[in-house]
Amino acid sequence: HAKVDRARLGAPLDAYIDIRLRSETSASSFEIWAVKLSGVMTFAIVTGEFDCRVRVACRDQADLMRLVEELRSGGAIQGTNTTVICREVEVRSTVF
């Protein structure tokens, strides 16, 4: 599949937002809401310290902060950790 140049589309800043949900919030119900937000590219339910990981594409740092605040505004989140992606290499190999 073709790789999309998000910088040319006006969204050059990619980041992962790790999300720790409140105990009363299910990951599935949060997913239904979060995937509708502008800028969300992928949503994963994960194990470990956090419950979910969202990959986002943003115009700039201010847009990233807007998206983080929008995620937090729903009241379902206990905490977040945001990591800006500086470079990512897609490795295509056959595992099986």
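Now for a quick tour of the structure. (Residues numbered from 1 in each chain as written. Predicted model: local features only at pLDDT ≥ 70, side-chain atom pairs only at ≥ 80, totals over all residues. Heavy atoms only, no water.)

Re the side chain of Asp 18
Keep this limit in mind: Put simply, DSSP H or I for four residues or longer makes a helix, DSSP E for two residues or longer makes a strand, and each gets a number counted from the N terminus. Under this definition, polar contacts are N or O atom pairs within 3.5 Å; protein pairs additionally need one hydrogen-donor-capable and one acceptor-capable atom, and for neighbouring residues in sequence, both atoms have to be side-chain atoms. Every residue pair with non-hydrogen atoms within 4.5 Å of one another is taken to be in contact.
Along the chain, Asp 18 falls in strand S1 (residues 13–21). A distance of 2.7 Å separates the side chain of Asp 18 from the side chain of Arg 53, its partner in a polar contact. With sequence-adjacent residues up to four places away left out, Asp 18 is seen in contact with Phe 50, Cys 52, Arg 53, Gly 79, Thr 80 and Asn 81.

A word on the packing of aromatic side chains
What counts is decided by this rule: The rule is short: rings of Phe, Tyr and Trp, with Trp giving its six-membered ring, pair when the centres are within 6.5 Å, and they are stacked under 30 degrees, edge-to-face over 60, tilted in between. To sort residues, take the accessible area from a 1.4 Å probe on protein chains only and compare it with the maximum for the residue type: under 20% means buried, over 50% means exposed, and anything in between is partly exposed. Put simply, a charge is over a ring when the Lys NZ or the Arg CZ is close to the ring centre, within 6 Å, and near the line of the ring normal, within 35 degrees.
Summed over the entire model, instances satisfying the criterion amount to two aromatic pairs. Consider the rings of Phe 30 and Trp 33, whose centres lie 5.7 Å apart with planes at 45 degrees: the pair is tilted. Placement of both Phe 30 and Trp 33 in helix H1 (residues 27–34) is noted, with a separation of three residues, approximately one turn of the helix. For Phe 30, a relative accessible area of 3% corresponds to the buried category. Under the relative-accessibility criterion, Trp 33 is labelled partly exposed at 32%. Through a chain of ring-to-ring contacts, the aromatic side chains of Phe 30, Trp 33 and Phe 43 assemble into a single cluster. A cation sits over an aromatic face here: Arg 53 above Tyr 16, 4.7 Å from the ring centre.

Section: the environment of Val 54
For Val 54, the position within the fold is in strand S3 (residues 52–58). Remark: the alpha-carbon pair of Val 54 and Met 41, spanning 13 residues in sequence, is separated by 7.3 Å. Val 54 has contacts with Ala 15, Tyr 16, Ile 17, Ile 19, Val 40, Thr 42 and Phe 43, leaving out every residue within four places of it along the chain.

Quick look at the sheet that holds S1
Cut-off, in case you're wondering: Note on pairing: DSSP must find at least two bridges between two strands before they are called paired. To obtain an axis, a line is fitted to C-alpha atoms, over the contacting stretch when the element is a helix, and the angle between two such axes runs from 0 to 180 degrees between their N-to-C directions.
One open sheet holds the four strands; their spatial order is S2-S3-S1-S4, and the pairing between them is antiparallel. With partners counted over all chains shown, the strands left at the sheet margins are strand S2 (40–45) and strand S4 (77–84), one partner each. Along the sheet, successive strands turn relative to each other by an average axial angle of 20 degrees, direction set aside. Pairing analysis gives five bridges linking S2 to S3, with the strands arranged antiparallel. Pairing of Ile 45 across the sheet is with Cys 52, part of S3.

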